[in-house]
Structures are given as structure tokens and as C-alpha cells.
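What follows is each chain in one-letter form.
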Amino acid sequence: MQWGVYAHPIFSRTGNFPPEMIKRIADKSAAQGFLRSRLPELTSEEVKLIQGTSDFFGLNHYSTYIVYRNESAPEIYPVPSYDDDLDTIQYQLPEWKIGSSNATLYVPWGFRSLLNSISHQYGNPPILVTENGFATHGGINDEDRVTYYRGYLNALLDAIDDGVDIRGYTAWSLMDNFEWSRGYTEHFGLYEVDRNHPNRTRTPRKSAYVLKEIMRTRFIDPNYEPDMNQPLTVDHGH
């Protein structure tokens with residue numbers, strides 16, 4: 001219902017929207033008095049046209065939720081709506097929080113599980129992790145972000161050991177930026193941006209040094225401590 005609506009028509013063996021999604025929205029639409037399902041019906045020609053139309057699976061991932069549905073879940077969603085169609089309750093555990101922000105909780109095992117799920121559902125397509133990162137409320141010594149990247153990169157390596165075809169990984173993001181409805185309150189950057197300075201000065205955080213060392217050595221050293229008094233330079237020979 002969240003990403004399967006886009007992935008299933010392209011990557012599944014059968015094409016089309018996920019069967020569970022088709023049935024659920026059709027049933028709800030009928031109960032709501034609609035003459036047909038609110039989910040557009042794809043023709044067999046459209047299913048064939050869409051199927052297989054991608055060179056890789058691009059995945060943006062930040063955190064994990066626990067999802068449930070039973071009689072204890074209240075009927076709180078407007079009808080009709082995406083949330084009512086989804087018809088589940090989602091929550092995160094307080095122990096997953098490792099920093100000051102609630103935007104990205106630390107659940108590396110969920111990342112590994114998701115990568116394996118994509119692989120198993122869709123015949124192990126090549127995956128590019130196009131976004132993965134951690135939000136803070138600022139500061140150069142971003143220990144929580146370092147913990148996050150080490151944990152999630154280790155989970156990614158575990159998924160590769162599981163047989164998942166992962167071709168690339170992109171840390172989000174290079175520097176602090178405007179984060180949608182959260183504006184400038186959340187900081188995702190490896191470089192801190194001083195928005196009070198007319199030059200918008202960029203300063204590398206500890207996570208920038210740590211990720212550089214991981215890329216340089218091809219090894220995740222849990223004990224590595226960078227010298228942040230040294231300028232962060234790039235060796236173009238690697």
C-alpha cells in the first residue's frame with residue numbers, strides 16, 4: 001500500500017497492483033457506495049507495458065515501523081482515505097530512539113529485513129539504496145549519526161551476505177537542507193551549514209570523517225576516532 005503500489009506493477013512476475021490492495025480497495029469502495037473501485041483498473045495491455053520497465057530498484061529508507069490490525073484498533077480515519085484503505089495501526093518503540101530527533105529512529109535489522117523482502121518478492125533485482133540517513137538537531141560531533149551509519153551499513157552487508165543484489169549506497173545527505181514540512185529543524189547533512197553566516201559556511205561533521213574512512217579502507221571499524229582538527233580532503237587516487 002505504501003511502496004508496493006509502485007513496485008509490484010514493475011517488478012512482480014504477475015504485474016499489476018498488489019492483489020491484497022486491489023481486493024481491499026474494491027471491497028471498501030463497494031461498502032462506501034461507489035459504482036466501481038476507487039483504485040484505477042489496469043488493462044492487460046497496460047500491465048504488460050509497465051512490467052519490467054526498470055533497470056534497478058531504487059530504495060529510499062530511513063526507519064522501521066511495527067504494524068498491526070485487530071479489534072483494538074480504533075476507527076479513526078476519514079472515509080474514504082489512504083489511511084482507511086490501509087486500515088492498520090503503525091508505531092515505533094521508544095528504545096529505537098538514539099538522538100534528539102524523532103524523525104529517524106535506529107532499527108538496522110528492519111533495513112536488512114526490507115532488503116531481503118524486496119529480493120524475495122521480486123526475483124532479486126539489482127538494488128541501489130538511493131537515500132539512507134539520520135536526522136539530528138545540529139552539532140559537529142554527531143555521535144548518533146555515526147552509530148546509525150555504522151549500524152545500517154553493517155545491516156546492508158548482512159543483506160549482501162544473504163544474497164541480496166545490492167549495487168550501490170547513497171548517504172543522505174551531503175549537507176543540511178530544507179526537509180519538507182520539518183523545514184530547517186532537522187539536520188541530515190554530513191556537513192553542517194551555518195545559516196546565520198552570509199556565506200552559509202559548511203563544516204564537516206564527525207560522520208563525514210567516519211564515512212570517508214569507511215570508503216578509504218572498505219572496512220567498518222567500530223573503534224575508529226577521526227582527528228577532526230585535520231582538514232577533510234579527498235584522495236582522488238581512490
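Just so you know, these numbers come straight off a predicted model, no measurement behind them.

Draft legend 1. Examining the UniProt feature "active site" (unreviewed entry) in the protein chain more closely. In the numbering used here, UniProt assigns the feature "active site" (unreviewed entry) to Glu-131. Along the chain, the position of Glu-131 falls in strand S4 (residues 127-131). Here Glu-131 is in contact with Leu-59, Asn-60, His-61, Tyr-62, Thr-170 and Trp-172, once residues within four sequence places are set aside.

Draft legend 2. Inspection of the nonpolar core at higher detail. If you look at the biggest cluster of nonpolar residues, it comprises 32 residues, and the most contacted ones within it are Phe-57, Leu-59, Phe-111, Leu-115, Ile-118, Ile-127 and Leu-211. Elements supplying a minimum of two residues to this core: helix H1 (4-11), strand S1 (57-60), helix H5 (108-121), S4, helix H6 (143-161) and helix H7 (206-217). With eight residues, the single largest contributor to this core is H6. If we ignore the near neighbours within four places in the chain, the residues touching Leu-211 are Tyr-149, Leu-153, Ala-171 and Leu-190. Grouped together as the second largest cluster of nonpolar side chains are seven residues, Val-5, Phe-17, Met-21 and Val-47 included.

Draft legend 3. Main features of the side chain of Ser-119. Structurally, Ser-119 is set in helix H5. When its relative accessible area of 8% is taken as the criterion, Ser-119 is described as buried. Residues within four places of Ser-119 in sequence aside, it is in contact with Asn-124, Pro-125 and Val-164.

Draft legend 4. Quick look at the pairing of S4. With four bridges connecting them, S1 and S4 associate as parallel partners. When the bridges of S4 are listed, Gly-58 appears paired with Leu-128. Relative to strand S5 (residues 166-169), S4 runs parallel, the two being bridged by three bridges. What sits directly across from Leu-128, in S5, is Gly-168. Remark: the S4/H6/S5 crossover connection has right-handed handedness.

Cut-off values and rules
- Residues numbered from 1 in each chain as written.
- Predicted model: local features only at pLDDT ≥ 70, side-chain atom pairs only at ≥ 80, totals over all residues.
- Heavy atoms only, no water.
- UniProt positions renumbered as here; feature names shortened; annotations may be inferred.
- Helix = DSSP H or I, 4+ residues; strand = E, 2+ residues; numbered from the N terminus.
- Contact = heavy atoms within 4.5 Å.
- Core = buried A, V, L, I, M, F, W, Y, C linked by side-chain atoms within 4.5 Å.
- Buried < 20%, exposed > 50% of the residue type's maximum accessible area, 1.4 Å probe, protein only.
- Pairing = 2+ DSSP bridges.
- Right-handed = clockwise from strand over helix to strand, strands pointing away.

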